[in-house]
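Breakdown of the fold
This is what each chain is made of:
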Amino acid sequence: MATFTALTTLVGKSQAEALGEAMERLVPEPTGVGVFEIEDGSGLWEVGGYFTEAPDEAGLAVLAAAFEAKPFVVSELPETDWVAHVKRELAPVEAGRFFVYGSHDADKVPEGAEPLLIEAAMAFGTGHHGTTLGCLKALDRLANEGFVGENVADIGCGTAVLAMGAARIWPNKVLASDIDEVAVDVAKANAVANGLEDKLICLEAAGFGHPDLAAKAPYDLVFANILKAPLVDLAPDMGANIAPQGHAILSGILNEQADEVVAAYEAAGFAVHTREEIGEWTTLTMTRNSAG
């Protein structure tokens, strides 16, 4: 059975949500409607519907005009073609010196960029999300300031794109850990695909809870792109495992949650180094105080 998609973009959250609600009243009905902010600071939102039979394109055209959206793009996607669809939809991402891409875009890697290959099937953590993009930009910013990470860990690594970024630009091995066994397998596969299998040590662990992570502390840089609650819970362990003047790059934080995360890390002996918002997400670079 084929699946049909209808996608458009427009400006503004309330307008996008209203268009999404209007799509649900179409005949034939969509099996699902999604409304997402595009995480590039443009203010654009994507509205998409999934249909099990061809949607009413005339009705879609009327909705697009009524809500001042771009014309809907309707595609037919066989069930076996999801990865190909993702490959079409995910353009390469540039974050400072880093260029995150799928193998279908291997010919687009710019001269002098630090390439990070993440296959489209591993869609979360490709660099398209504001949290991952923010962390890569924070890493690039630290490197531009002259910082060299000699002892780096990526806690909750997912695809390990952040760990690979550090391993790509600095000489020492990087530890990448995740609580999810599948994520660890993905991290290992990505390390091999990027020729970094000798530079990444991939571990299954919650937080710093692994003997190999404990043995290598204190760190001069730790990534944690997870969520607000586990970041707050992790703050004391970050203080215990990061060396004075070392850094923590934190994300997975909604803009309105950032102050709470900052407060937890200040209590653990850190100060804000940089803070950046991309779309609705904040990325924090925190520096541990010398006397922390």
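See the structure above.
We now turn to the structure provided with this report. (Residues numbered from 1 in each chain as written. Predicted model: local features only at pLDDT ≥ 70, side-chain atom pairs only at ≥ 80, totals over all residues. Heavy atoms only, no water.)

So, the sheet that holds strand β7 (residues 114-117)
Spatially, β5-β6-β7 is the arrangement adopted by the three strands of the open sheet, whose pairing is mixed. Two strands lie at the open edges of the sheet, namely β5 (93-95) and β7, each paired on one side alone. Neighbouring strand axes in the sheet, compared pairwise and without regard to direction, differ in orientation by 20 degrees on average. Pairing of strand β6 (residues 98-101) with β7 involves four bridges; the strand directions are parallel. Bridge pairing links Val100 to Leu116 in β7. Against the sheet, helix α5 (residues 161-169) makes contact with β6 and β7, and its axis sits at roughly 145 degrees relative to β7, the strand it touches most. (Pairing = 2+ DSSP bridges. Helix = DSSP H or I, 4+ residues; strand = E, 2+ residues; numbered from the N terminus. Axes fitted to C-alpha atoms, helices over the stretch in contact; angles between N-to-C directions. Contact = heavy atoms within 4.5 Å.)

Remarks on the packing of helix α4 (residues 130-144) against α5
Closest axis-to-axis distance for the α4/α5 pair is 10 Å, and the angle between their directions is 20 degrees. Classified by the interaxial angle, the pair formed by α4 and α5 is roughly parallel. For the element pair α4 and α5, the recorded crossing hand is right-handed. From α4, Thr132, Cys135, Leu136, Leu139 and Ala143 reach across to α5, where they touch Val161, Leu162, Gly165, Ala166 and Ile169. Residue composition of the contact of α4 with α5, grouped by class: eight nonpolar, two polar and no charged. (Parallel < 35°, antiparallel > 145°, perpendicular 65-115°, else oblique. Left-handed = near helix turned anticlockwise from the far one by under 90°. Nonpolar A, V, L, I, M, F, W, Y, C, P; charged D, E, K, R; others polar.)

Considerations on helix α2 (residues 57-66)
Along α2, the positions that sit buried rather than exposed are Gly59, Leu60, Leu63 and Ala64. Looking straight down α2, one finds its buried side chains confined to an arc of 140 degrees; they lie on one side. Facing away from the buried side of α2 by over 90 degrees, the exposed positions are Ala58, Val62, Ala65 and Ala66. One side-chain oxygen at the N-terminal end of α2 lies 3.2 Å from the backbone nitrogen of Ala58; it belongs to Asp56. (Buried < 20%, exposed > 50% of the residue type's maximum accessible area, 1.4 Å probe, protein only. Arc of directions from axis to C-beta. Polar contact = N/O pair within 3.5 Å; in protein donor to acceptor, adjacent residues only side chain to side chain.)

Observations regarding the state of the cysteines
Enumeration according to the criterion identifies zero disulfides in this entry. Note on Cys157: no disulfide assigned, nearest cysteine sulfur contributed by Cys202 at a separation of 6.2 Å. (Disulfide = S-S within 2.5 Å.)

So, the sheet that holds strand β13 (residues 270-278)
A sheet is described by the order of its strands in space; here seven strands give the open sequence β10-β9-β8-β11-β12-β14-β13, paired in mixed fashion. Edge positions in the sheet fall to β10 (200-204) and β13, since each of these pairs with one other strand and no more. Shown here is a sheet whose adjacent strand axes are inclined to one another by a mean of 15 degrees, direction ignored. Looking at chain direction, strand β8 (residues 152-155) and strand β9 (residues 174-178) are connected through four bridges and run parallel. The residue of β9 that forms the bridge with Val152 is Val174. Along the sheet, α5 contacts β8, β9, β10 and β11 (219-225); its crossing angle with β9, the most-contacted strand, is approximately 180 degrees.

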